[in-house]
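Chains, contacts and geometry: an overview
This is what each chain is made of:
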Amino acid sequence: MPSDTPSPTAPSPIGYRALLRNREFAGLYAGFTLTVAASTLSGFALGTLVDRRTGSPFLTAVSMYGATFATVLGALTLMSVADGDRPRRTLVTLQCVSLAGVAAQAVPGLPLAARFGLLLVLGFFQSLATGTRMGLLAEVVPASAYVPARSLMNITAGGTAVLGFALGAVLLRYLSPQGLFVTAAVLTAAGLVAVATTVREHSVRPPRRPGLRETWTANTALLSRSGPRALLLNLWVPNGLIVGCEALFISYAPDHAGVLLAAGSAGMLLGDLTVGRLLTAEWRRRCAFALRLLLAAPYLLFALHPSLPVATAAVFVSGAGFAATLPLQERLLALTPDPIRGQVQGVESAGRMTWQGIGAALAGGIAQYLTPGTTITVLAAVSLTLTVLSRPFVARTRTVRLGKTGT
């Protein structure tokens, strides 16, 4: 089979230190890190509060991860705000909305219905902020630094989430859930200050009136082309199905689920570091398909009911395959015209998060009828099949902008 896309030899990857010397990127990065930390603490606090009040595992899980389903609403309605002519002002405004929402969660005695309503509102605006942030990212760093920048943010997001849950567990020994909400609000405010004081307004975008019509027009243009459609398929569905596999670890090995989850996280961090920092653009293109196979293939071993060391190794290797998102995102950015870069990246992020939720729900539903090990194997096989069948469409993508003839 041909390689996904041959191209001329690219220069060596830009290092993380060089990226952080860029004042605007450093501000975006700091704001993103603090926002992830705040979101983690806020989710942990809400989950704890709901568990204490209701004792319902379902409501507790929804309270911690339900905001991901609201992100798709942003992608379908107002994601065009990510490409407005004042992106810095838009991001600062959305950060202010997040600050108000997190601070409202800290109000004692707030009814659970109001808390879930706030959760959905925050998820909606969070998706818009993600699109705006990623649109700005493509402007504040050169194209050659985009993948290392996304790699650094992915690594930081994973590490911050792990540390945030650990810190939340420690803080709950001394603070109430409302105290955690206050801490999250402080972190959100710090992220707002980091963005407001470092990122400047960019004037490269033409004036446009964001809204539902603009959002649907760009989304239609995005999904009507076979190239971007194939890229989004590979960014959303295979990843979501593998997240579904991970969602079954507790059912598969109750006493060792933590080991398996940690192995997956470690593999993901290693993969992002290797692909984003060490590989050139040419090697990222060459390795893209192999990484997509690596994401699902190791889980086929679960059909044999492997021992814990073998299962842990398989999960670790699979985790590295999540780094396939980096070359796919790079390809998608190359296919996207400047005026809608933020919206397209916001749609990609929202769709990926939504499919992770779908994958987890699908896995849980299938596991009601099959064993967890068999369900993991089935999901991995479907993920692998989709990757292989869609490869010719991904391989035909070229750097042709949306709205022009191509793909």
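Just so it is clear, the model here is predicted, and its values are computed rather than measured.

**Things to note about helix α17 (residues 372-395)**
- The end-to-end C-alpha separation of α17 is 34 Å, in line with the 34 Å expected for 24 residues at 1.5 Å each.
- Looking at α17, one finds that the buried residues are G373, T375, I376, T377, L379, A380, S383, L384, T387, S390, R391 and V394.
- On its buried face, α17 is in contact with α10 (226-247), α11 (249-252), α13 (281-296), α15 (325-334) and α16 (341-366).

**Quick word on the packing of helix α5 (residues 87-105) against helix α6 (residues 112-140)**
- Relative orientation of the contacting elements α5 and α6 amounts to 155 degrees, with a least axis distance of 9 Å. On the basis of the axis angle, α5 is roughly antiparallel to α6. Here the hand of the crossing between α5 and α6 comes out left-handed. For the pair α5 and α6, contact is made by P87, R88, T90, L91, L94, Q95, V97, S98, G101, V102, A104 and Q105 and by R115, L118, L119, L122, F125, L128, A129, T132, R133 and L136, respectively.
- Split into classes, the residues belonging to the contact of α5 with α6 amount to 13 nonpolar, six polar and three charged.

**So, the nonpolar core**
- Counting residues in hydrophobic clusters, the biggest one holds 76 residues, and the most contacted among them are F25, L137 and Y299.
- Ranked by the residues each element gives to this core, the list is headed by α10, at 10 residues.
- The contacts of Y299, once residues within four sequence positions are left out, are I242, C245, E246, F249, V315, S318, I376, T377 and A380.
- In this structure, A67, L112, L172 and F181 belong to the second largest nonpolar core, which totals 20 residues.

**Re the pattern of salt bridges**
- On inspection of all chains with the given rule, the structure shows five salt bridges.
- For E24, the salt bridge is made with R200, and the minimal N-O distance between the two is 3.4 Å. Remark: R200 occurs in the loop between α8 (177-198) and α9 (212-223) and E24 occurs in helix α2 (residues 23-54); sequence separation between them is 176 residues.
- Given the relative accessible area of 10%, E24 is considered buried.
- Between E201 and R86 there is a salt bridge whose closest N-O contact spans 3.2 Å.

**Considering the packing of aromatic side chains**
- Evaluated as defined, the whole model comprises five aromatic pairs.
- With centroids separated by 5.9 Å and ring planes inclined at 20 degrees, the aromatic side chains of F25 and Y29 adopt a geometry described as stacked. Remark: Y29 and F25 occur in helix α2; sequence separation between them is four residues, near one turn of the helix. In this structure, F25 and Y29 share a single accessibility class: buried.
- Centre to centre, the rings of F124 and F125 are 5.2 Å apart; their planes meet at 90 degrees, and the pair counts as edge-to-face.
- We classify F124 as buried; its relative accessible area is 17%.
- Looking at R286, its charged tip hangs above the ring of W283, at a distance of 5.7 Å from the centre.
- One residue, R391, lies across the ring of F289, its end atom 4.0 Å from the ring centre.

Rules behind the numbers
One numbering rule holds for all chains: residues counted from 1, following each sequence as written. Only residues with pLDDT of at least 70 are given local features in this predicted model, and only at 80 or more are side-chain atom pairs given and counted; all residues enter the totals for whole chains, interfaces and linings. Only hydrogens and water are set aside when side-chain values are computed; all heavy atoms of the structure are taken into account. Comment: elements are numbered from the N terminus, with helices defined as DSSP H or I runs of at least four residues and strands as E runs of at least two. The length a helix should cover is 1.5 Å for every residue beyond the first. When a residue's accessible area, from a 1.4 Å probe over protein chains only, is under 20% of the maximum for its type it is buried; when over 50% it is exposed; and in between it is partly exposed. In this analysis, two residues are considered to be in contact whenever any of their non-hydrogen atoms come within 4.5 Å of each other. Every axis in this analysis is a line fitted to C-alpha atoms, fitted for helices over the stretch in contact. Angles between the N-to-C directions lie between 0 and 180 degrees. Convention used here: angles under 35 degrees read as roughly parallel, angles over 145 as roughly antiparallel, angles from 65 to 115 as roughly perpendicular, and any remaining angle as oblique. Two helices cross in a left-handed way if the nearer one is turned anticlockwise from the farther one by less than a right angle. They cross in a right-handed way if the turn is clockwise. The residue classification treats Ala, Val, Leu, Ile, Met, Phe, Trp, Tyr, Cys and Pro as nonpolar and Asp, Glu, Lys and Arg as charged. All others, Gly included, are polar. By convention a nonpolar core is built from buried Ala, Val, Leu, Ile, Met, Phe, Trp, Tyr and Cys residues, the set being connected through side-chain atoms within 4.5 Å. What makes a salt bridge here is a side-chain nitrogen of Lys or Arg within 4 Å of a carboxyl oxygen of Asp or Glu, nothing more. Each pair of aromatic rings taken from Phe, Tyr and Trp, with Trp reduced to its six-membered ring, is defined by centres within 6.5 Å and is described as stacked if the planes are under 30 degrees apart, edge-to-face if over 60, and tilted in the remaining cases. Criterion for a charge above a ring: Lys NZ or Arg CZ within 6 Å of the ring centre, and within 35 degrees of the ring normal.

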